[in-house]
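Architecture and fold: a report
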Amino acid sequence: MTTNSQEVSDNVYYLVDTFGTGIIKHEDLLVDDDTLLLSFLSVILRSQGHELLTARNSVETYRLIREQQATLVISDWNMP
């Protein structure tokens, strides 16, 4: 399936498949074990119109990657 990005209202981006079978919601995944930093970054990204999933550890991250279709993963480099 080939996709392209289309801007929709409120600067939220969706992936639209070129076969016209539907719209796939664009969600980003933010991963950090520091809950304060995770919360802070979530507020900033959501205020900019990002649809956001969050995870605090590798188990949650793996589950979300399997179950959701995150188009971007922003991760802490050094986590326990």
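Criteria and thresholds
In every chain, residue numbers begin from 1 and rise along the written sequence. Only residues with pLDDT of at least 70 are given local features in this predicted model, and only at 80 or more are side-chain atom pairs given and counted; all residues enter the totals for whole chains, interfaces and linings. Just so you know, side-chain values use all the structure's heavy atoms and leave hydrogens and water out. Secondary structure elements are defined from DSSP: runs of H or I of at least 4 residues count as helices, runs of E of at least 2 residues count as strands, and each element is numbered from the N terminus. Relative accessible area decides the class of each residue, using a 1.4 Å probe on protein chains only: under 20% of the type maximum gives buried, over 50% gives exposed, and in between gives partly exposed. Note on contacts: a residue pair is in contact if any heavy atoms of the two residues lie within 4.5 Å. With residues, only the protein chains shown are counted as cover, and all accessible areas are computed by Shrake-Rupley using a 1.4 Å probe. Following DSSP output, two strands are said to pair if at least two bridges run between them. Inter-axis angles, ranging from 0 to 180 degrees, are taken between N-to-C directions of lines fitted to C-alpha atoms, where helices are fitted over the stretch in contact. By the criterion used throughout, a crossover qualifies as right-handed when its path from the first strand across the helix to the second strand runs clockwise, the strands pointing away from the viewer. The arc in question is formed by the directions pointing from the helix axis toward the C-beta atoms. Pairs of N or O atoms are called polar contacts if they sit within 3.5 Å, as long as, within protein, a hydrogen donor faces a hydrogen acceptor (for residues adjacent in sequence, only side-chain-to-side-chain pairs). As used in this record, nonpolar core signifies buried Ala, Val, Leu, Ile, Met, Phe, Trp, Tyr and Cys residues forming a set joined through side-chain atoms within 4.5 Å.

Tallying secondary structure elements over the protein chain gives two helices and six strands in all. Expressed as a percentage of its 80 residues, the buried residues of the protein chain come to 22%. Partitioning the intrachain contacts of the protein chain with sequence separation of at least 6 by distance along the chain shows that 43% fall at a separation of at least 24. Accessible area of the protein chain: about 5800 Å², with a carbon and sulfur share of 54%.

Before going further, it helps to examine the sheet that holds strand 6 (residues 70-75). Spatially, the three strands line up as an open sheet ordered 5-4-6, and their pairing is parallel. If you trace the sheet from one side to the other, it starts and ends with strand 5 (52-55) and strand 6, each paired once. With direction set aside, neighbouring strand axes in the sheet form an average angle of 20 degrees. Two elements, strand 4 (residues 27-31) and strand 6, share five bridges in a ladder whose sense is parallel. Across the sheet, the residue bridging to leucine 29 is valine 73, located in strand 6. Across the face of the sheet, helix 2 (residues 58-67) comes into contact with strand 4 and strand 5 while running at roughly 145 degrees to strand 5.

Burial of strand 4 is extensive: five of the five residues sit out of reach of the surface. Between the parallel elements strand 4 and strand 5, the chain passes through helix 1 (residues 35-47) in a crossover that is right-handed.

Our focus in this paragraph is helix 2. The set of residues buried in helix 2 consists of Glu60, Thr61 and Leu64. Down the axis of helix 2, the buried set is contained in an arc of 100 degrees. They therefore lie on one face. Away from its buried face by more than 90 degrees, helix 2 exposes Val59, Tyr62 and Arg66. Against strand 4 and strand 5 lie the buried residues of helix 2. Regarding helix 2, its N-cap is asparagine 57, as a side-chain oxygen of that residue lies 3.0 Å from the backbone nitrogen of valine 59 further along.

Here we come to the pairing of strand 5. Direction of pairing for strand 4 relative to strand 5: parallel, over a ladder of four bridges. Residue aspartate 28 lies in a different strand from strand 5, and its bridge partner there is leucine 52.

If you look at the biggest cluster of nonpolar residues, it comprises five residues: Leu29, Val31, Leu53, Ala55 and Leu64. Every element with two or more residues in this core is listed here: strand 4 and strand 5. For alanine 55, the residues in contact, after removing those within four places along its chain, are Leu29, Leu30, Val31, Asp32, Leu38, Glu60, Thr61 and Leu64.

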